[in-house]
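Fold and contact review
Given next are the chains, with one letter for each unit.
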Amino acid sequence: MARYRHLVFHILEFLQKHQLYPDEQILKFKIELLNKTNKSLHHTEDAPQDIIIYGGRAAPLVTFLLNPNVVQELRGDKQYNLQMLKERYQTRLNVGITQHKLVPEETVTVIYSRCGEKFSVYKGSGNDSITQQFDACASWWTQGPDPAFQAELAREMAYTAARFGHVMFPENVYEPALKCAELLIDGVGKGWASLVYFSDNGSTAIEIALKMAFRKFCVDHETLLEFSEGRDEKKHIVVKVLALRGSYHGDTLGAMEAQAPLPYTGFLQQPWYTGKGLFLDPPTDILFNGAWNLSLLEFFAEIVPEEYGTFSTRDEIFDKSRDTSTLATTYLAYVSKQLQEYSGNTQSAHVGALIIIQTTILLRWLIVSAVIHGAGGMHMVDPLFQRVLVNECRNRKIPVIFDEVFTGFWRLGVETPAELLGCKPDIACYAKLMTGGMIPLAVTLATDALFDSFSGDPKLQALLHGHSYSAHAMGCATAAKAIEWFKDPETNHNIIPQGGILRELWDEELVQQISCHSAVQRVVVIGTLFALELKVDASNSTYASLYVKSLLQLLREDGIFMRPLGNVVYLMCGPCTSPEICRELLSKLYIRFGEFNRV
Ligand SMILES: Cc1ncc(COP(=O)(O)O)c(C=O)c1O
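Chains are numbered independently. Their residues run from 1 in the order of the written sequence. Only residues with pLDDT of 70 or above have their local features reported here, since the model is predicted, and side-chain atom pairs are shown and tallied only from 80 upward, although totals for entire chains, interfaces and linings are computed over all residues. Calculation of side-chain values draws on the structure's entire complement of heavy atoms; hydrogens and water are dropped beforehand.

1. Focus: the pattern of salt bridges
How we decide: By definition, a salt bridge exists where a carboxyl oxygen of Asp or Glu is found within 4 Å of a side-chain nitrogen of Lys or Arg. To qualify as a helix, a DSSP run of H or I must reach at least 4 residues; to qualify as a strand, a run of E must reach at least 2; elements of each kind are numbered from the N terminus.
All chains considered together, the criterion is met by 20 salt bridges. Lys190 is the salt-bridge partner of Asp186, the closest N and O atoms lying 3.4 Å from each other. Across the pair Asp220 and Lys216 runs a salt bridge whose closest N-O atoms are separated by 3.1 Å. Here the residue Asp220 and the residue Lys216 both occupy positions in helix H9 (residues 202-220), the gap between them amounting to four residues, near one helical turn. Sharing partners across several salt bridges, the network here consists of Glu152, Arg155 and Lys481.

Structure follows, in C-alpha cells:
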C-alpha cells in the first residue's frame, strides 16, 4: 500500500477540488498519508525505486490528464450524461408518491453522488455544475451515516459481498446473520425479545408481525382455533387490528389493511383494500408558542380539565408519573369503551393485535374546499395514551406490535422508542436506519412465547413465510456495523455516554422562536427530527401550497434538499450529524421563513 500513497494524494486533491468530502476530512487524510511517506519513515527525500518505475508506467496517464483540452472534452461527456439523466426521467422511470407528469424536466434533481448527509447535485453546464445539498429527507428517513461512516460501511459491504454473495437462510447459519441477530436481541430487543426474523423492508416486517400476532392471539383464545378447524363451519371468524387512525405501516396489502382509510388506500389505489381494523383517533403533543401542549380530540376535550394539557418541557410528556393522573383514567375509559363496543357489535370479529408507532408519523387529512390536502404528518402521539393502550391490550391477551420501522435506531434520539414509552412489546419491526440506510434489510423481533405458538410437529404449524433474500449477508453485516457504530460514544460523538441517548441536536432557542412564528401551526422536535406545520385554512390553502413550494425552492438554493408532507416541512439529520450542522440548517430555514413572511 505504502508505494501507492503518492497516487492517493492526487485522488484526495481531486475529491477536495470537487468538494465531494468536507475539507477538514480531506486534510486529515492528507496528513495521515504524509506521516507515513518515505521522508518520515526513512528520512530521505529520494523517491523509492519502485515508485520511480510505477511513475514511469503512469506517465502516459498523467500526460493525458494534464492536457486541459482533453480534460475539457471529458467534462463535456460527463455533463452530457448528467443532462441525459434529466431528460429521460419522464420517459424511463415510474416514480411513486408523485404525479409523474406534473414534474417538469427543469425541476428534476440529478444526483451525481452522495457523501454522508449530502447529495452532489448537477446544476447544469459550466465549471460549477455540481453543487452540494444537505439531504434533509434523510432519503426517505433511512439515512444515518456521516462521510466517515459511509466509507466504513462501504468497506464492510464490499468485503461481505466478496465473501458471501447471497446464501440461503433456512437451515443454514453464517456469521453476519448470527452476529446481527445477537446485537438486535441485546440492543433494541433487550429484556424481552429472544428471536429474530429477517426480511427485506418495513412493510414485509409488518406483514410477518401481523401473522405472528394473530397466531398467538388464536392460540391464547383457543376457541378460535377450534372454530377455524371447521368444528363449527357456520361461524366465520375475522381477526382485525387495533391501530391509530392516520398511522402508516407500509404499502404491501397486509400492511395497508392495518391502516385506516386514506387517499393512499382508496379504491383507485387498491381495490382489494378493506381496512381490517378498529381505528382510534389518538391525542397528540405539539410545541406551539414556546410551550408543549396536548392536542385532544373533541371526545376528550369535554371531560379533561385544561391543566392536564400543558407541559413546560418535552421530558414531562414522557414522565411515567402521568400514569396515575385523571387523564390516564379518562384514556382508559375511552379505550375500554371502544373495545367493548366493537366486540359487542361484531361477535365474529376479534381484535387480534394492537399495532402502534410510538411518537409517530400520522398522516392526517383535512378536507379543504372539497379538495383533499395532506394536513401533515409527523405528529407526536401522547405516550400516556399509548401506554394505556398497551396495558389494556395485555389485560385482554391481545399481542402488542411496535412498528419501529421509522422511529427505531436513534431516529428519535434513543436506540428504541420503547425506552421513551416505558413499556415493552411482544413483537417489534425495524428497517430503514438499521443498516445505516445503506442497503435494504428489515427485521421482526418477537418473544419466546410468540415463537412457541409456531412450534410443534406438523410442518403446517410452522411460520410458513420466507423471502428470497431473507437475512442477506451484506444487509446483516452492514446492520451489525451500524448498530455498533451508532451506539458507541467513540464513533458517534452525539451519544451521551452516561445515558446512552443522543444529545439534543436542534438549538432550543431557535426551535422556540420558530414555534412562536405567526405562520406556524405546530412544531415537533425530537431526536434527529425537526418538523413544522404551516397554518392553513380553506381561504389560503392554495397560497399555503405555493408558499411551501417556493420556500423549498429557496432552501434548495441554500443547499438544503427538503420535500414536504402536505403543509408540513421537516429537517431530518443522522444520529452522527453534529449540532452545529443542525443549527445551520435551522437558521437557514428560519431566515427564509422570515423573509417569505414579509412578502
Ligand atoms: C412506520 C412505518 N412503518 C412501515 C413502513 C414501511 O417501510 P418500507 O417502506 O421499508 O416498506 C414505513 C415507511 O415509511 C414507516 O414509516
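2. A closer look at helix H8 (residues 175-186)
As a reminder of what qualifies: Multiply 1.5 Å by the residue count of a helix minus one, and that product is the helix's expected span. Type-normalised accessible area, obtained with a 1.4 Å probe on protein chains alone, sets the label of each residue: buried when under 20%, exposed when over 50%, and partly exposed for intermediate values. Throughout, the arc means that of the directions going from the helix axis to the C-beta atoms. Contacts: residue pairs with any heavy atoms within 4.5 Å of one another.
Taking 1.5 Å of rise per residue, the 12 residues of H8 would be expected to cover 16 Å, and the 16 Å separating its terminal C-alpha atoms lies within 8% of that figure. Burial in H8 covers these residues: Pro176, Ala177, Cys180, Ala181, Leu183 and Leu184. Buried residues in H8, looked at end-on, bunch into an arc of 165°, giving them a common side. Where H8 is buried, its residues meet helix H7 (147-164), strand S4 (195-199), strand S16 (442-446) and helix H18 (473-487).

3. What about the packing of helix H4 (residues 49-66) against helix H5 (residues 68-92)?
Under the convention used in this document: Where helices are involved, their axes are fitted lines through C-alpha atoms of the stretch in contact, as for all axes, and angles between N-to-C directions lie from 0 to 180°. Reported orientations rely on four angle classes, namely roughly parallel under 35 degrees, roughly antiparallel over 145, roughly perpendicular from 65 to 115, and oblique for the rest. Amino acids outside the nonpolar list (Ala, Val, Leu, Ile, Met, Phe, Trp, Tyr, Cys, Pro) and the charged list (Asp, Glu, Lys, Arg) are all regarded as polar, and Gly is one of them.
At a closest axis distance of 5 Å, the pairing of H4 and H5 adopts a crossing angle of 75°. With respect to H5, the axis of H4 lies roughly perpendicular. From H4, Phe64, Leu65 and Leu66 reach across to H5, where they touch Pro68, Val70, Val71 and Leu74. In terms of residue class, the contact of H4 with H5 is made up of seven nonpolar, no polar and no charged.

4. Here's the deal with the sheet that holds strand S6 (residues 277-280)
Hydrogen bonds between backbone groups are what pair the strands of a sheet, and the pairing can be parallel or antiparallel. Here is the rule we go by: A strand pair is defined by DSSP finding two or more bridges across the two strands.
Read across the sheet, seven strands follow the order S4-S16-S15-S14-S10-S5-S6 without closing on themselves; strand pairing throughout is mixed. At either end of the open sheet lies a strand with only one pairing partner, and these are S4 and S6. Mean inter-strand twist for the sheet, computed between neighbouring axes without regard to direction, equals 25°. In the packing of helix H15 (residues 383-395) onto the sheet, contacts are made with strand S5 (238-244), S6, strand S10 (349-356) and strand S14 (400-403), and the angle to S10 comes to roughly 140°.

5. What about the site of the ligand?
The following threshold applies: Nearness here has a simple test: a residue counts as near a molecule or strand if at least one of its heavy atoms is within 4 Å of that partner. Pairs of N or O atoms are called polar contacts if they sit within 3.5 Å, as long as, within protein, a hydrogen donor faces a hydrogen acceptor (for residues adjacent in sequence, only side-chain-to-side-chain pairs).
Among the 13 residues in the neighbourhood of the ligand, the closest are listed as Gly202, Ser203, His249, Asp403 and Lys432. Side-chain polar atom of Asn201 to an oxygen atom of the ligand: 3.4 Å apart, as the coordinates give it. Within the backbone of Gly202, one N or O atom sits 2.8 Å away from an oxygen atom of the ligand. For the shell around the ligand, the class distribution of residues is six nonpolar, five polar and two charged.

6. Let's talk about the packing of aromatic side chains
Stated precisely, the cut-off is as follows: Centres within 6.5 Å are what make two rings of Phe, Tyr or Trp a pair, Trp counting through its six-membered ring; a difference in plane orientation under 30 degrees is then read as stacked, over 60 as edge-to-face, and the rest as tilted.
The final tally for this structure, using the stated rule, is 12 aromatic pairs. Measuring from ring centre to ring centre gives 5.9 Å for Phe164 and Tyr174, while their planes differ by 45°; the resulting arrangement is tilted. One end of the pair, Phe164, is in helix H7; the other, Tyr174, is in the loop between H7 and H8, with 10 residues separating them in the sequence. Residue class for Phe164 comes out buried when judged on its relative accessible area of 18%. On the basis of relative accessible area, Tyr174 is assigned to the buried category, the value being 7%. On the basis of an interplanar angle of 65° and a centroid distance of 5.4 Å, the ring pair of Phe409 and Tyr430 is categorised as edge-to-face. Remark: Tyr430 occurs in strand S15 (residues 427-430) and Phe409 occurs in the loop between S14 and helix H16 (418-421); sequence separation between them is 21 residues. Following the ring pairs from residue to residue traces out a cluster consisting of Phe164, Phe169, Tyr174 and Phe198.

7. Regarding the pairing of strand S20 (residues 529-534)
Counting buried residues in S20 gives six out of six residues, a clear majority hidden from the surface. Note: strand S19 (residues 520-526) against S20, six bridges, orientation antiparallel. By the bridge assignment, Ile526 is partnered in S20 with Leu529. Two successive antiparallel strands, S19 and S20, enclose a turn made up of two residues, where Gly527 displays a positive phi of approximately 60°. Pairing of S20 with strand S22 (residues 568-572) involves five bridges; the strand directions are antiparallel. Bridging across to S22, Glu533 finds its partner in Val568.

8. Let's talk about the environment of Pro440
Mapped onto the elements, Pro440 comes out in the loop between S15 and S16. Separated by 298 residues in the primary sequence, Pro440 and Thr142 place their C-alpha atoms 9.3 Å from one another.

9. Notes on the packing of H8 against H18
For the record, the criterion: Each helix crossing is assigned a hand: it is left-handed if the near helix lies turned anticlockwise from the far helix by less than a right angle, otherwise right-handed if that turn is clockwise.
Relative to each other, H8 and H18 sit at 35°, their axes nearing to 8 Å. Along this stretch, H8 crosses H18, giving a crossing that reads as left-handed. Across the interface between the two elements, Pro176, Ala177, Lys179, Cys180, Leu183 and Leu184 of H8 pack against Ala473, Cys476, Ala477, Ala479, Ala480, Ile483 and Glu484 of H18. Per-class residue counts for the contact of H8 with H18 are 11 nonpolar, no polar and two charged.

10. Remarks on the pairing of strand S1 (residues 110-115)
In the sheet, S1 pairs with strand S2 (residues 118-122) via five bridges, with the strands oriented antiparallel. Its bridge partner being in S2, Arg114 is matched across the sheet by Phe119. Joining the antiparallel neighbours S1 and S2 is a turn of two residues, in which Gly116 adopts a positive phi near 60°.

11. Considering the nonpolar core
For the record, the criterion: The criterion is simple. A nonpolar core is a set of buried Ala, Val, Leu, Ile, Met, Phe, Trp, Tyr and Cys residues joined through side-chain atoms within 4.5 Å. Just so you know, the domain bounds were taken from an automatic or database domain assignment.
Among the nonpolar cores identified, the biggest contains 106 residues, and Leu184, Phe198, Trp506, Phe530, Leu532 and Leu571 are the most heavily contacted of them. Examining the composition of this core, we find that eight residues originate from one element, H18, more than from any other. Per-domain counts for this core show at least three residues from each of domain 2 (159-255 + 282-484) and domain 3 (504-598). Leaving out residues up to four positions away in the same chain, Leu571 has contacts with Ala136, Trp506, Thr528, Leu529, Phe530, Ile560, Met562, Leu585, Leu586 and Leu589. Ranked by size, the runner-up nonpolar core spans 27 residues in total, among them Ile206, Leu210, Ala260 and Ile401.

12. Some details on a nonpolar patch on the surface
Which entries qualify depends on this criterion: Like charges are joined within 9 Å and nonpolar side chains (Val, Leu, Ile, Met, Phe, Trp, Tyr) within 5 Å, but only among residues with over 30% relative accessible area and no salt bridge; these make up the patches. Calculation of accessible area relied on Shrake-Rupley with a 1.4 Å probe; when residues are assessed, cover is drawn exclusively from the protein chains displayed.
Together, Leu61, Phe64, Leu65 and Leu74 line one region of the surface with nonpolar side chains, adding up to about 390 Å² of accessible area. Sorting elements by how many residues they give to the nonpolar patch places H4 first, with three residues. Within the secondary structure, Leu61 is located in helix H4. Judged by relative accessible area, Leu61 falls into the exposed class, the value being 53%.

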